[in-house]
Amino acid sequence: MKDAELIIQTNYIVTVNSEFDILKNHCLIINQGIIEAILPNEQTQYTSNTIVDKTKHIVMPGLINAHNHAAMSLLRGYADDLPLFTWLNEHIWPAEGKWVNDEFVYTGTQLAIAEMLKGGTTTFSDQYFFAEDCAKAVDQSGIRAQIAPPVIDFPNNWAKDAQDHIQKTLSLADQYKSHDRIQIAFGPHAPYTVSDQPLTDILELSKQHNLPIQMHIHETEFEVNDAMEKSGKRPIERLKDLGLLNSNLQAVHVTQLNAQEISWFAEHNVHIVHCPESNLKLASGMCPVFDLLEAGVNVCLGTDGAASNNNLDMFSEMRTGALLAKGVSKNATAVSARQAIEMATINGAKALQMDAKIGSLEIGKQADLCIIDTQSLNHAPMYNIASALVYNTSAHQVSDVYVNGVCLMQNNTLLSIDEPSLMQTVLSWQDKLSQQ
Ligand SMILES: CSC[C@H]1O[C@@H](n2cnc3c(O)ncnc32)[C@H](O)[C@@H]1O
Ligand SMILES: [Zn+2]
């Protein structure tokens, strides 16, 4: 018998491999954080000091939240029921000017990470100021992240101009180049906040340093109309002319797309991060996911920040993403449960260029996974596992979470974050922000 560091026995494993195999009564054999074998629970090839019995549970790849502003969790519920530009200009940007600093980002990111881990998210992509404090929180918590520090033309509490943002990003990329869970990317905020020269610089540097680019694009009709009035060009055409449409680009939102733009995305292998709940709440518009998938474009899912969602629940995002696609396309087969799970796992891994390591439970990949307790009324009866996960699972039914084979939540208790002490710190921020 061979020794394994960890064996997780299950009722079902949703592999999210290319066949979308769902294995009944199988176990994961994990060594040095990597899945070494997947065998029937009764296997006799491996033994371990740590055999975890999850035979009343579903195990699936950890969810990948491909767009977040983690620290904005401290602004959850700060301004609601407003359209994007009123929300940003009149509420969020003034509050950020007043409150955002290193401590705000560290605590806000910890809060976001705790919520995400509890809901089965094992990887997220972030875009926010004081990115070094986000990285510190990620490093300490054990979660995996792509950190895309923002680039904006205008001064803010973190950086004075676009070049300053770019230099800070490069220095973080250097600092974390050997980190096994942190990847740095460029995060130019949006076409309306970043001018051509910094975008050209980012494109060159992203090639030189092999860094992905994540950007809000065509989030609203107003953004597109405004650009047309000012320049006669839709922002996506401007980005295409600058050379930014390529497989390094993660385009967030894209609620306004014509047929030409969909075919450019397909041709240039641009990845789309769909944020259905944020788009609905800010009434930004709806991403034509069905048309994009039909055109062969990779679409994944993000929550956006908790200030515009107002949660970081990827189970809810899968469900909303599937339901919205059906409603918008008037086609009940649009975004099936299987496709929603793929969008929240392997498609996110592809967009973040992490699919060699994560996104599915397959031999040789990192053991990034979440475990769902199915012993409750809302899971009975269960005829179809994928459908149960998308249409009738709540985030709080995630019982255990592993990243790199390390247990970060065990039987609903976070192991790397002191939840009561975090709660205290968050409430002291709430007091400060309430007083104004
Ligand atoms: C670039 S750091 C984040 C910056 O973006 C603001 N923001 C948060 N959510 C959105 C969104 O949906 N669209 C555009 N900008 C957003 C955030 O408040 C920060 O200032
Ligand atoms: Zn965003």
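The notes below deal with the structure included here.

The rules behind these values
Residues numbered from 1 in each chain as written. Chains lettered and ligands numbered in written order. Predicted model: local features only at pLDDT ≥ 70, side-chain atom pairs only at ≥ 80, totals over all residues. Pairing = 2+ DSSP bridges. Helix = DSSP H or I, 4+ residues; strand = E, 2+ residues; numbered from the N terminus. Axes fitted to C-alpha atoms, helices over the stretch in contact; angles between N-to-C directions. Core = buried A, V, L, I, M, F, W, Y, C linked by C-beta atoms within 7 Å. Buried ≥ 20, exposed ≤ 12 C-beta atoms within 10 Å, placed from the backbone. Contact = placed C-beta atoms within 7 Å. Parallel < 35°, antiparallel > 145°, perpendicular 65-115°, else oblique. Nonpolar A, V, L, I, M, F, W, Y, C, P; charged D, E, K, R; others polar. Near = placed C-beta within 6 Å.

It is worth spelling out the sheet that holds strand S17 (residues 299-301) at this point. To summarise the sheet geometry, strands pair through backbone hydrogen bonds and adopt either a parallel or an antiparallel arrangement. In spatial order, the strands read S14-S15-S16-S17; together these four strands make up an open sheet with parallel pairing. The outermost strands of the open sheet, each flanked by one partner alone, are strand S14 (213-217) and S17. Each strand axis lies, on average, 30° off the axis of its neighbour in the sheet, ignoring direction. Direction of pairing for S14 relative to strand S15 (residues 249-253): parallel, over a ladder of five bridges. In the strand pairing of S15, His-216 is matched with Val-252.

Right, let's talk about the nonpolar core for a bit. Considering soluble globular proteins, one finds that nonpolar side chains tend to be buried as a cluster. If you look at the biggest cluster of nonpolar residues, it comprises 130 residues, and the most contacted ones within it are Val-14, Leu-28, Ile-113, Cys-134 and Ile-272. Looking at this core, the element that brings in the most residues is helix H2 (residues 102-118), giving nine residues. Once residues within four sequence positions are removed from consideration, Leu-28 is found in contact with Ile-8, Ile-13, Ile-35, Ile-38, Val-59, Leu-361 and Ala-367.

As a packed pair, helix H4 (residues 162-175) and helix H5 (residues 196-209) sit with axes 11 Å apart at the nearest point and diverge in direction by 10°. Regarding the angle of H4 to H5, the classification is roughly parallel. Side by side, H4 and H5 meet where Ala-162, Ile-166, Leu-170 and Ala-173 of the first sit next to Pro-198, Asp-201, Ile-202, Leu-205 and His-209 of the second. Residues belonging to the contact of H4 with H5 are distributed by class as follows: seven nonpolar, one polar and one charged.

Our focus in this paragraph is the site of ligand 1. Around ligand 1, the surrounding shell holds 17 residues, and the nearest of these are Ile-92, Gln-127, Pro-150, His-189 and His-216. A per-class count over the shell around ligand 1 returns six nonpolar, eight polar and three charged.

A separate point is the sheet that holds strand S12 (residues 182-184). The four strands are arranged S8-S9-S10-S12 in an open sheet whose pairing can be described as parallel. Of all the strands in the sheet, the pair left with one neighbour each is strand S8 (63-68) and S12. For this sheet the average axis-to-axis angle between neighbouring strands, irrespective of direction, equals 15°. Here strand S10 (residues 144-147) pairs with S12 via three bridges, running parallel. By the bridge assignment, Gln-146 is partnered in S12 with Gln-183.

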